[in-house]
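# Commentary on secondary and tertiary structure
Each chain is listed here by its residues.
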Amino acid sequence: MSPKIQPRVPRGMRDILPQKMLQRQYVIGQVEKVFQRFGFEPLQTPVLELREMLMGKYGEDAEKLIYDAKHREGKEDLSLRYDLTVPLTRVVAMYPELVKPFKRYQIAPVWRAERPQKGRYREFYQCDADIVGSKSMLADAEIVTMIYTVLEALGFKSFVTKINNRKILTGIGQYAGAPNEMLGGLYRSIDKLEKIGVDGVREEMAKAQIPTKVIDRIMELVALPPNAFGELRELMGNVPAAMDGLDELEQLATFLGDSGVPRANYQFDFSMVRGLAYYTGPIYETVVTEPKIGSLTGGGRYDELIGLFMNQSIPTTGTSFGIERIIDVMDELAMYPASIGKTVTQVFVTVFNRDLIGVSMRVANALRAAGINAELALDADGLGKQLKYAAAKAIPFALIIGPDENAAQQATLRDLASGEQTLIAQSELANAWKRGT
RNA sequence: GUGGCCAUAGCUCAAUGGCAGAGCGUCUGACUGUGGAUCAGAAGGCUGCGGGUUCGACACCCGUUGGCCACCCCA
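Keep in mind it's a predicted model, so treat the numbers as computed, not measured.

This part covers the packing of helix α7 (residues 183–191) against helix α8 (residues 193–207). Following both chains from N to C, one finds α7 and α8 inclined at 140°, their axes separated by 7 Å at the closest point. Taken together, the axis directions place α7 and α8 in an arrangement best described as oblique. Across from Leu-186, Ser-189, Ile-190 and Asp-191 in α7, the residues of α8 making contact are Leu-193, Val-201, Glu-204 and Met-205. Class assignment for the residues of the contact of α7 with α8 results in 5 nonpolar, 1 polar and 2 charged.

What follows is the structure, given as structure tokens:
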């Protein structure tokens, strides 16, 4: 025999075992239900894209994290998808016949070669919902409303969706007189406001050789309290880009006021920055305040991205839920409903002895035909062993059909949590379930 | 990509440079129509991997891989 190979998975990737999968399926199911309730349709795309589809979309830093996946003898340069947004824009450009506004959702894995940490993996699922073909701020309001509805459905209480506008950030740069090449670093510093405070941001900017005068002007704007539309408008009255952005956000604010989303769950925050290069309008990011695990959702408007694939550009907005982080938070806060069990099996049908295999099998199949998840013992081991197995798998009930029960056409139903047992006619088992076991 | 901490039985962790251990879990039996409790017993290890120092390394040194944490960035 050849020497054994250490079984391992690639760095930052993991197996998800059945009990965890049940939780995941619950979370994904909830998200999907809300997506559909808002009129989004499912889409699937290949995990591999032609490399050139992905290049030049995310910005230089992000591009370094893209995995290449070319076959040894392949003629095409392929990469694992980095997100679901660029594949969407590719689809929209390829199928002009799609009815607009095109609303699609996609729940699928993406790959980023980052250094793994808690809540950060190299292979992770994103749940995206986007609206293609609407310039209206109502589309953005729908996205923000949906973010709230999804998180609320999952049981989150203390979360805030922060809203800003790329145009305002651009305006801030212009207003402060910051040279273009400094803008990227500038935004990154601004984004840390909440984390390192006003002084921390100033310090970082000073270190980056940004003139004090520029810093002063920026901080004057960025340090404004949330939702301070009036002050911002006054200060930046002569910066057209900022005015456009403010107009958009004020419209969005009006729509959100009528949306039913509680005021505590969204906030206009002029210091929130999103890194991806393609955003052009409103941007969103949701953070939970309880355990600090980074952002749970991120998104925004990217009106020009589709234009990279076709002559005509199509205004688009949407968001992405980071389901891995959502799950990590839900684990930490034990947010799963009791109905999410540790197994899908509802009843374990024991096999008393070889002679009674056929009886147990018929009973199991009858239950299955009635829509009940029934597992059949595969060995006529001692009853003790079979019950132990069922208990270890956390199956709620066991059925015992020995010679006595079978002679009377009955079965013993054992509640494995309480130990309580009841005799039920074999023909009545499925009905007993429907009445609520 | 930069820096720090860590890696011993399935899990949680011990072991002055001197015989690799405990608790929990697993398996078997006491219990041939019933899991959890109790008791008795058993299995389980190239101490992540590769070098080095040493009479002797789980321990010290170097490298490497992986995990975690902080940056960077991000879902």
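Additional details are given in the paragraphs that follow.
Here α8 spans only 16 Å end to end across 15 residues, well under the 21 Å set by a 1.5 Å rise per residue. The axis of α8 is deflected most strongly, by about 75°, at Asp-199. Turning to α8, its buried residues are Leu-193, Gly-200, Val-201 and Met-205. The elements touched by buried residues of α8 are α7 and α9 (212–222).

Close to RNA strand B lie 42 residues; Arg-120, Arg-188, Lys-192, Arg-274 and Arg-325 are nearest. Of everything in RNA strand B that lies within 4 Å of the protein, sugar and phosphate atoms constitute 43%. A distance of 3.0 Å is found between a base oxygen of RNA strand B and a side-chain nitrogen or oxygen belonging to Glu-114. Broken down by secondary-structure element, the contributors of at least two residues to the surface near RNA strand B are β5 (123–132), β9 (295–301), α12 (323–332), α14 (383–392) and α15 (403–407).

For an interface, size is often stated in terms of accessible area lost upon the parts coming together. Domain parsing of chain A yields domain 1 (18–332) and domain 2 (347–434). When each unit is reduced to the centre of its C-alpha atoms, the spacing between domain 1 and domain 2 is 52 Å.

Moving on, we get to the packing of aromatic side chains. Under the counting rule described, the total for this entry stands at 14 aromatic pairs. Relative to Tyr-336, the ring of Tyr-26 has its centre 6.3 Å away and its plane inclined at 70°; by these criteria the two rings are edge-to-face. Highlighted residues: Tyr-26 in helix α1 (residues 18–37) and Tyr-336 in the loop between α12 and β11 (347–349), separated in sequence by 310 residues. An identical accessibility class is assigned to Tyr-26 and Tyr-336; each is buried. With centroids separated by 4.5 Å and ring planes inclined at 50°, the aromatic side chains of Tyr-58 and Tyr-82 adopt a geometry described as tilted. Of the two residues, Tyr-58 sits in the loop between α2 (51–54) and α3 (60–63) while Tyr-82 sits in the loop between β3 (78–80) and α4 (85–94), which places them 24 residues apart along the sequence. Residue Tyr-58 is classed as buried on the basis of its relative accessible area of 2%. The class for Tyr-82 is buried, based on a relative accessible area of 4%. Grouping aromatic residues by their ring pairs yields a cluster made of Tyr-58, Tyr-82, Tyr-278, Tyr-279 and Tyr-302.

Right, let's talk about the sheet that holds β11 for a bit. As summarised here, the arrangement of the 5 strands in space is β12-β11-β13-β14-β15, forming an open sheet in which the pairing is mixed. Only two strands of the sheet have a single partner each, and these edge strands are β12 (374–376) and β15 (421–425). Each strand of the sheet is rotated relative to its neighbour by a mean of 25°, with strand direction disregarded. Relative to strand β14 (residues 410–415), strand β13 (residues 397–400) runs antiparallel, the two sharing 4 bridges. By the bridge assignment for β14, Ile-400 is matched with Thr-412. Lying on the sheet, helix α13 (residues 357–369) is in contact with β11, β12 and β13; it crosses β12 at an angle near 160°. Packing against the sheet, α14 makes contact with β11, β12, β13 and β14, and its axis sits at approximately 160° to β11.

At a minimum axis separation of 8 Å, helix α6 (residues 166–176) and α9 run at an interaxial angle of 145°. In the crossing of α6 with α9, the sense of the turn from one axis to the other is right-handed. Residues Ile-172, Tyr-175 and Ala-176 of α6 lie in contact with α9, whose contacting residues are Val-214, Arg-217, Ile-218, Glu-220, Leu-221 and Val-222. Here the contact of α6 with α9 is built from residues that sort into 7 nonpolar, no polar and 2 charged.

Procedures and definitions
Residues numbered from 1 in each chain as written. Chains lettered and ligands numbered in written order. Predicted model: local features only at pLDDT ≥ 70, side-chain atom pairs only at ≥ 80, totals over all residues. Heavy atoms only, no water. Axes fitted to C-alpha atoms, helices over the stretch in contact; angles between N-to-C directions. Helix = DSSP H or I, 4+ residues; strand = E, 2+ residues; numbered from the N terminus. Parallel < 35°, antiparallel > 145°, perpendicular 65-115°, else oblique. Contact = heavy atoms within 4.5 Å. Nonpolar A, V, L, I, M, F, W, Y, C, P; charged D, E, K, R; others polar. Expected span 1.5 Å × (residues − 1). Bend = angle between axes of the 7 residues up to and from the residue. Buried < 20%, exposed > 50% of the residue type's maximum accessible area, 1.4 Å probe, protein only. Near = heavy atom within 4 Å. Polar contact = N/O pair within 3.5 Å; in protein donor to acceptor, adjacent residues only side chain to side chain. Domains from an automatic or database assignment. Phe/Tyr/Trp six-rings, centres within 6.5 Å; stacked < 30°, edge-to-face > 60°. Pairing = 2+ DSSP bridges. Left-handed = near helix turned anticlockwise from the far one by under 90°.

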